[in-house]
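Topology and contacts: notes
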Amino acid sequence: MNDGMGEPEAEEKAVLQMGIAKDIGKRLNRIHRPKLNWQLLLAIIFLICFGILISTFKQQISHSGYIGNTIIYMLFGFITSIVIYLCDYKKMKKYSNIIYLIATLIMLLPFVGLGLTLNGKNFVRFFGITFSPCIIAIPLYVITFSGYIYNYNENKTKTNLLKIIILSTFSLLLVSLLPSLENVLILSIIYLVITTAKIIEHNQKIIKKIVLLYGFTLIFLSVLILGLNMTNSINLKHIDEQIHSIQKDILEHAQFIGEAESQTFKDGELLISTESNYTFSYLLGKIGIIFSVALTATIILTSLLLICNIKRINEQYGKYLTIGLSTLFLLESIGNILMNINTNVTIDINLPFVTYGSVYFLINCFIISIILSIYRRKDINVYDELYNNN
């Protein structure tokens, strides 16, 4: 411009002198390569190894193709995980309503001709595969809730708050229809944890908001649980007493290494191995205390790694997603292990990556892939996002 060139022409020439944007971007990508959370990935692989071990034992007992099916699930899970890992998770925000609708339709499948009732609970039977709709719907509800909480701004409109309350309440009511009280509690806790993180982030009237949040949630859950107790006619005493008897026997006769020296366990081995919720008890009775402790330690390590991930995420939507999905993993893992070491508790919760099941394994791969994808972009912050939107 000092040489007499006009401003538009000067701007264009200056930009051309900077070089070709795509070439510069490729060179910068070689320097600033996204990092994979190898510690978390290795911990998950270790859990999968326990799942393969369980499949091997199941095949020996029932002579079914557990190992072959597990390998197929792993291949599908591996391919799906790579695709999700490479995709930009932030694009899910604008599809929150669609994802919520998909989750709701999945929850309604047992009531529209695709349902199957087992032990008093509703399942979906699809292409020969039986699964609980909660397995798919709950992670999707967590994703949508994270998007709603991220987009909520209390200074703009109260309509968004009403929308969040109605949709989250409706999702909890749908889960309770299965009926699945344990999944209602899990989803409620996840909603509370994500919302608490949002309240703390705003740092305004924290105590008042948290008291109101937990107070209303407690009242709602109390009414819901009371209603379930009044209408629920499930009777699982026979099978529970039989499995609890085997569990108690395993705890009394478990070896440090090797199979429990108990006739009760041998007689009920097929029963307790096919009941997916009791995978941990079966593992304890089949290969001993040391391997069970190793599994517990791996779950604890994985949980700690997930918690540490949260602190490293700069982008807020990714942080809410990580909080929600990590809480889901923690609650399922802790709940399942506590049930397996306490014979007085019965809940319908599986052990992530260890419990046998095609849909459950793929969903767990989906969850961990999103978390790894978020970690891959953990250094992206709100300023980068605003710049890209502009």
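Residues numbered from 1 in each chain as written. Predicted model: local features only at pLDDT ≥ 70, side-chain atom pairs only at ≥ 80, totals over all residues. Heavy atoms only, no water.

**Structural notes on the overall build of the protein**
Inclusion rule: Labels follow the DSSP assignment, with helices taken as runs of H or I lasting at least four residues and strands as runs of E lasting at least two, numbered in each case from the N terminus. Relative accessibility under 20% of the residue-type maximum defines a buried residue, over 50% an exposed one, and the middle range a partly exposed one, all with a 1.4 Å probe and only protein chains included. Here a residue-residue contact requires only that any non-hydrogen atoms of the pair lie within 4.5 Å. In these tables, accessible area is a Shrake-Rupley quantity obtained with a 1.4 Å probe, and a residue counts as shielded only by the protein chains included in the view. Only four residue types enter the charge count: Lys and Arg as positive, Asp and Glu as negative, with His and the chain ends excluded. By convention, the charge on Lys lies at NZ, on Arg at CZ, on Asp at CG and on Glu at CD.
Counting its regular elements, the protein contains 17 helices and three strands. With the C-alpha coordinates aligned to their principal axes, the bounding extent of the protein is approximately 95 × 45 × 40 Å. Residue burial in the protein is summarised as follows: out of 390 residues, 45% are buried. In the protein, the share of contacts with a sequence separation of at least 24, taken over all contacts with a separation of at least 6, comes to 72%. Counting only carbon and sulfur atoms, one obtains 64% of the accessible surface of the protein, whose full area is about 21,200 Å². The centroid of the 31 positive side-chain charges in the protein is displaced by 5 Å from the centroid of its 25 negative side-chain charges.

**Examining the packing of aromatic side chains**
As a reminder, the rule being used: The pairing test for Phe, Tyr and Trp rings, Trp by its six-membered ring, is centres within 6.5 Å, and the orientation test on the planes gives stacked under 30 degrees, edge-to-face over 60, and tilted for anything in between. Over a ring means this: the NZ of a Lys or the CZ of an Arg is within 6 Å of the ring centre and within 35 degrees of the ring normal.
Summed over the entire model, instances satisfying the criterion amount to 10 aromatic pairs. Summarising the aromatic geometry, the rings of Tyr 66 and Tyr 356 are spaced 4.8 Å apart at their centres and angled 75 degrees between planes, so their arrangement reads as edge-to-face. Of this pair, Tyr 66 sits in helix H4 (residues 66-86) while Tyr 356 sits in the loop between helix H15 (316-341) and helix H16 (358-376); the two residues are 290 residues apart in sequence, bridging distant segments of the chain. Its relative accessible area of 16% is what places Tyr 66 among the buried residues. Its relative accessible area of 21% is what places Tyr 356 among the partly exposed residues. Each ring, one from Phe 353 and one from Phe 361, has its centre 6.0 Å from the other, and the planes form 90 degrees; the classification is edge-to-face. With a relative accessible area of 3%, Phe 353 lands in the buried category. Judged by its relative accessible area of 9%, Phe 361 is buried. Site record: aromatic cluster; members linked through ring pairs are Phe 57, Phe 265 and Tyr 282. Sitting above the plane of the Phe 57 ring, Lys 286 keeps its charged end 5.6 Å from the centroid.

**Describing the pairing of strand S2 (residues 121-126)**
Here is the rule we go by: Two strands pair under a simple rule: DSSP has to find at least two bridges between them.
The sheet contact formed by strand S1 (residues 115-118) and S2 spans four bridges and is antiparallel. Looking at S2, one finds that Leu 118 is bridged to Lys 121. Joining the antiparallel neighbours S2 and strand S3 (residues 129-131) is a turn of two residues, in which Phe 127 adopts a positive phi near 50 degrees.

**So, the layout of surface pockets**
Short version of the rule: Site definitions follow a grid-based scheme: protein atoms alone, a 1 Å grid, a 1.4 Å probe that fits but cannot get out for cavities, and for pockets an open set with protein on both sides within 12 Å along at least five of seven lines, plus lining residues having an atom within 4 Å of a point. Grid points are joined across faces, edges and corners, and a volume is the space filled by probe spheres set on the points.
The calculated volume of the second largest pocket comes to roughly 870 Å³. As for the second largest pocket, its lining consists of 27 residues, and the residues nearest its centre are Leu 161, Ile 165, Thr 195, Leu 212 and Leu 213. Only helix H6 (133-151), helix H7 (159-176), helix H8 (181-202) and helix H9 (206-231) provide two or more residues apiece to the lining of the second largest pocket. The element contributing the most residues to the lining of the second largest pocket is H9, with eight residues.

**Digging into a nonpolar patch on the surface**
The condition is simple: Surface patches are defined over residues having more than 30% relative accessible area and no salt bridge, joining like charges when they lie within 9 Å and nonpolar side chains (Val, Leu, Ile, Met, Phe, Trp, Tyr) when within 5 Å. Only one rule defines a salt bridge in this text: a Lys or Arg side-chain nitrogen within 4 Å of an Asp or Glu carboxyl oxygen.
Taken together, the side chains of Leu 101, Leu 105, Leu 108, Phe 111, Val 112 and Leu 177 present a nonpolar region at the surface, about 570 Å² in accessible area. The residue Leu 105 is located in helix H5 (residues 96-108) in this model.

**As for the side chain of Asn 336**
What counts here: Two N or O atoms form a polar contact when they lie within 3.5 Å of each other; inside protein one atom must be a possible hydrogen donor and the other a possible acceptor, and for residues adjacent in sequence the pair counts only when both atoms belong to side chains.
Locating Asn 336 in the fold gives a position in helix H15. Of note is the side chain of Asn 336, whose polar atom sits 2.7 Å from the backbone oxygen of Ile 349. Setting aside chain neighbours within four positions, we find Asn 336 in contact with Asn 277, Phe 280, Ile 349, Asn 350 and Leu 351.

**Focus on the sheet that holds S2**
For clarity, the threshold we go by: Angles shown run from 0 to 180 degrees and are taken between the N-to-C directions of axes, each axis being a line fitted to C-alpha atoms and, for helices, limited to the stretch in contact.
Taking strand neighbours across the sheet as the criterion, the three strands line up as S1-S2-S3 in an open arrangement whose pairing is antiparallel. The open sheet has two edge strands, S1 and S3, and neither has a second partner. On average, each strand axis in the sheet is inclined to that of its neighbour by 35 degrees, with strand direction left out of account.

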